[in-house]
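Secondary and tertiary structure notes
One letter stands for each residue in the lines below.
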Amino acid sequence: MEEISLHVLDIVENSLSASATLIKIIVDENTALDVLSIVIDDNGKGMSKEFLSKVTNPFVTTRTTRNVGLGIPLFMQGAKQAGGDFIINSELGKGTRLCATYKLSHIDRPPIGDMSGTIQALVICNPDIDFEYIRKYDENEFVLDTRKLREVLGSEVPLNSPMVQEWIREYLHGGEDELFGGV
């Protein structure tokens, strides 16, 4: 995959397949430390220790439609090729946490891509799942938390209604504009 946002989309699909009801996504660019970190944390089914030890092998997958699972191995490879690291922890019945780090200035670091569009698509296509998206750039950050949106909207307005979709799109793009306004 050419963009980190596509890796995030793929990993979140794994979280959804594992029956996660809350998925936290953190994208943190720290220019002083020259580090980009991506964290995806879910409350899904989790993985057994045995499966976790094999999950970075491309020939291990839970899918029944094919024998290859490339999402996690490619994400790990991209992070390591860009001077970073990759850590995945999981516990059955509790969920999975994945962290990919990249050297921000590394020539082989893929672009972040359209993270706002990815988050918007995830929320709109999965209106019953809660997402917490935290986007950091140095000391600045903004957050989209669908649990807070639900508190404001109440149960009668779904997150995928057209007006809410438009608000989410504007909020994400506006948050990024503000976050990177001086860059």
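Residues numbered from 1 in each chain as written. Predicted model: local features only at pLDDT ≥ 70, side-chain atom pairs only at ≥ 80, totals over all residues. Heavy atoms only, no water.

**A few points about helix H3 (residues 71-81)**
The complete set of buried residues in H3 reads Gly71, Ile72, Pro73, Phe75, Met76, Gly78 and Ala79. Packing partners of the buried residues in H3 comprise helix H1 (4-17), strand S2 (35-42), strand S3 (85-91) and strand S4 (95-103). (Buried < 20%, exposed > 50% of the residue type's maximum accessible area, 1.4 Å probe, protein only. Helix = DSSP H or I, 4+ residues; strand = E, 2+ residues; numbered from the N terminus. Contact = heavy atoms within 4.5 Å.)

**With respect to the sheet that holds S4**
Spatial ordering of the open sheet is given by S3-S4-S2-S1-S5-S6, a layout of 6 strands whose pairing is mixed. The sheet is open, and its two borders are formed by S3 and strand S6 (140-145), each paired with just one other strand. Here the average twist between neighbouring strands, direction ignored, is 5°. Pairing of strand S5 (residues 130-137) with S6, which is carried by 6 bridges, proceeds in the antiparallel orientation. In the sheet register, tyrosine 137 faces S6, and the bridge partner there is asparagine 140. Set on the sheet, helix H6 (residues 162-179) makes contact with S5 and S6; between it and S6 the angle comes to about 170°. (Pairing = 2+ DSSP bridges. Axes fitted to C-alpha atoms, helices over the stretch in contact; angles between N-to-C directions.)

**With respect to unusual backbone geometry**
Even without being glycine, aspartate 34 reaches a positive phi, approximately 60°. Among the secondary structure elements, aspartate 34 is positioned in the loop between strand S1 (22-30) and S2.

**So, the packing of aromatic side chains**
What characterises a pair of aromatic rings is the spacing of the ring centres plus the angle enclosed by the ring planes. Within the structure shown, the criterion is met by 5 aromatic pairs. Geometrically, the ring pair formed by tyrosine 133 and phenylalanine 142 is edge-to-face, given 6.0 Å between the ring centres and 85° between the ring planes. Owing to a relative accessible area of 1%, tyrosine 133 belongs among the buried residues under this scheme. Aromatic pair tryptophan 167 and tyrosine 171: ring centres 4.9 Å apart, planes at 10°, arrangement stacked. Of this pair, tryptophan 167 and tyrosine 171 are both found in helix H6, 4 residues apart, which corresponds to roughly one turn of the helix. Classification of tyrosine 171 as partly exposed rests on a relative accessible area of 30%. Taken together, Tyr133, Phe142, Trp167 and Tyr171 form an aromatic cluster joined through their ring pairs. (Phe/Tyr/Trp six-rings, centres within 6.5 Å; stacked < 30°, edge-to-face > 60°.)

By themselves, these observations are geometric and do not establish any function.
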